[in-house]
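Examining the three-dimensional arrangement
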Amino acid sequence: MRALINIFAQVFRSIGANKLRSFLTMFGIAWGVASLLLLIGLGEGFRSGQRRGLAELGTDVIMMWGGTIPVLPEQHVGMRPYKLTMSDAAAIRSEAPDVRALTSIINRSDLKQVSEFSSAGGQVMGVELNYPEIRNLPIAQGRFLNEQDITQRRQVVVLGQKMEGLLFSGHPSLGAFITLNGYRFQVIGVAKKVGRGNNDGDNQKIYIPLTTMQEFFPITGDNIPEDSISSIQYQPLTEDLNETAKSEVHKIIAARHGFDPARKEGFEEWDTIKSNRMVGMIFTAMDVFLGGVGIVTLALGAVGIINIMLVTVTERTKEIGLRKALGATNRSILFQFFLEGLTLTALSGFIGIMGAAALMAALGAAVGNNDMGFDPPRLVPWSAAMAMGTLTLCGIVAGLYPARQAAMLQPVEALRKE
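Here's what I pulled together on the structure shown here. The model shown is predicted, which means the values in this text are computed figures rather than measured ones.

Here the focus is the overall build of the chain. Secondary structure summary: the chain contains 13 helices and 16 strands in total. Within the chain, the fraction of its 418 residues that count as buried is 44%. Residue pairs at least 24 apart in sequence account for 77% of intrachain contacts in the chain once pairs closer than 6 positions are excluded.

Below is the structure:
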């Protein structure tokens, strides 16, 4: 133990004897490690922020709207729009085995909303009772729609967080009444805020039962079925079956509306599962690229340490010769110089990791729970492990080669060297 302590003391004396050189070498490696961890941490912050943003829409949601199809089958000119219907939704429920859950929606943006305090013009959503199970709609006050509201044909409404502020301006809203195009509705619930930043369209919505929407505010137009709806939103049986579920839905909708399911332009949809995967692939590619750049940076730092250690061996040739003349073994000389290179690398890496972690913690505290589209950067365990593994390898290489050069010196030749 005493011999080991003496060796470490010699290592730190040697490093301290060349303060500027040691500092510049360590700074280069620490900067490379910190930059690597910070860049990967920023990427992971964007990744988790994107996931959180999609999760606020709902879990594994695929949204479909009416599309445009040929006027006549097999015709490529003369297109006509079509609307989804409640019977389409019923067919998907019964004929698509890989669809776990489905909800139908009618949304109107042309209905005037008036309270005793103010008026507004957000979207009015006619939704089914299972809407919060598919889409994210947490309730802050009161309750959501229930079965009694449907069976008793109650004219009730749930307000989005922003819509409550617009219509009631700080006044109590639960139990109060608003009118939608002159029809009187009672407020039974207020949703929590969803979305971030300017992406708060869902907070300016009003929710009423789909049956009430169909009765008072149906979708109208030429040649539009009576049971038309704005959107069908569904979840696959599992996340991995999203393409299978979409294929089943496409076949059902195409068969019911008389067009080829292979015509992709006939479907207007958004698969949040696919979007999440694509974003994940982009950030994974970024991580791989940044990791590769970081490894190259650390390897260059290791080359710098090799050069410095070789210079150190040259400067201390007489010292090495004297020690070997006094009985120092090749092994002890090799161990000391190897330990010097490894210590330089390890200290540099530790400082870089601690610096990156401190900066990320400071950024996290400054940003906090933000309304932007990304989360604060965070120290990713695998990137820290990769940095430490690379540093260890670089340290071994950087220490071993110069140490071997020192150990192989002949005592007489070393003492003669000027």
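On we go.
Turning our attention to the nonpolar core. With 42 residues, the main nonpolar core has Ile92, Leu159, Ile178, Ile206, Ile208 and Ile253 as its most contacted residues. With residues near it in sequence (within four places) discarded, Ile178 still touches Val114, Ser115, Val157, Leu159, Leu167, Phe168, Tyr183, Arg184, Phe185, Val187 and Ile206. With 25 residues, the next largest nonpolar core counts Ile40, Leu290, Phe337 and Val380 among its residues.

This part is about empty space enclosed by the protein. Within this structure, the stated rule accounts for two cavities of 30 Å³ or more. Of the voids in this model, the second largest cavity is the one considered here, and its volume is about 40 Å³. Around the second largest cavity sit Glu56, Leu57, Tyr131, Arg135, Asn136, Leu137, Val194, Asp202 and Tyr207, which together line it. In the lining of the second largest cavity, the residues fall into five nonpolar, one polar and three charged.

Under the counting rule described, the total for this entry stands at ten aromatic pairs. With 5.6 Å between their ring centres and 45° between their planes, Tyr131 and Tyr207 make a pair best called tilted. Of the two residues, Tyr131 sits in helix 4 (residues 131-134) while Tyr207 sits in strand 13 (residues 205-209), which places them 76 residues apart along the sequence. For Tyr131, a relative accessible area of 1% translates into the label buried. Among the residues examined, Tyr207 registers a relative accessible area of 1% and is labelled buried. Taking the centre distance of 5.6 Å and the plane angle of 85° together, the rings of Tyr183 and Phe217 count as edge-to-face. Taken together, the positions of Tyr183 in strand 12 (residues 183-191) and Phe217 in the loop between helix 7 (210-216) and strand 14 (228-229) put the pair 34 residues apart, joining distant regions of the chain. On the basis of relative accessible area, Phe217 is assigned to the buried category, the value being 3%. Above the face of the Phe177 ring, Arg184 is positioned so that its terminal group lies 3.6 Å from the ring centre.

What follows covers the side chain of Ser230. Residue placement: Ser230 occurs in the loop between strand 14 and strand 15 (231-236). Overall, the relative accessible area of 14% leaves Ser230 in the buried class. Here Asn107 takes part through its backbone nitrogen, which lies 3.0 Å from a polar atom of the side chain of Ser230. Setting aside its immediate chain neighbours within four residues, Ser230 contacts Met64, Trp65, Gly66, Ile105, Ile106, Asn107 and Ile219.

Bringing unusual backbone geometry into the picture now. Negative phi values dominate among residues other than glycine, just as trans dominates among peptide bonds. Notably, Arg153 is not glycine yet its phi reads approximately 50°, a positive angle. With respect to the secondary-structure elements, Arg153 resides in the loop between helix 5 (147-151) and strand 10 (156-159). Positive phi, normally seen in glycine, also occurs at Ser169, with a value near 45°. With respect to the helices and strands, Ser169 occurs in the loop between helix 6 (161-168) and strand 11 (177-180). Classification of Ser169 by relative accessible area gives partly exposed; the value is 49%.

By the definition in use, this model includes twelve salt bridges. With a shortest N-O distance of 3.5 Å, Asp202 and Arg135 are connected by a salt bridge. Residue Asp202 is found in the loop between strand 12 and strand 13, and its partner Arg135 is found in the loop between helix 4 and strand 9 (139-142); the two are separated by 67 residues along the sequence. Arg135 shares its class with Asp202; the two are buried. Residue Glu215 is joined to Arg153 by a salt bridge in which the shortest nitrogen-to-oxygen separation is 2.4 Å. Of this pair, Glu215 sits in helix 7 while Arg153 sits in the loop between helix 5 and strand 10; the two residues are 62 residues apart in sequence, bridging distant segments of the chain. Judged by relative accessible area, Glu215 falls into the partly exposed class, the value being 41%. Residue classification places Arg153 among the exposed residues on the basis of a relative accessible area of 56%. Each of Arg135, Asp202 and Lys205 takes part in a single network of salt bridges with overlapping partners.

Basis of the calculations
Residues numbered from 1 in each chain as written. Predicted model: local features only at pLDDT ≥ 70, side-chain atom pairs only at ≥ 80, totals over all residues. Heavy atoms only, no water. Helix = DSSP H or I, 4+ residues; strand = E, 2+ residues; numbered from the N terminus. Buried < 20%, exposed > 50% of the residue type's maximum accessible area, 1.4 Å probe, protein only. Contact = heavy atoms within 4.5 Å. Core = buried A, V, L, I, M, F, W, Y, C linked by side-chain atoms within 4.5 Å. 1 Å grid on protein atoms, 1.4 Å probe; cavity = no way out; pocket = protein on both sides within 12 Å on 5 of 7 lines; lining within 4 Å. Points joined across faces, edges and corners; volume = space filled by probe spheres on them. Nonpolar A, V, L, I, M, F, W, Y, C, P; charged D, E, K, R; others polar. Phe/Tyr/Trp six-rings, centres within 6.5 Å; stacked < 30°, edge-to-face > 60°. Lys NZ or Arg CZ within 6 Å of the ring centre and 35° of its normal. Polar contact = N/O pair within 3.5 Å; in protein donor to acceptor, adjacent residues only side chain to side chain. Salt bridge = Lys/Arg side-chain N within 4 Å of Asp/Glu carboxyl O.

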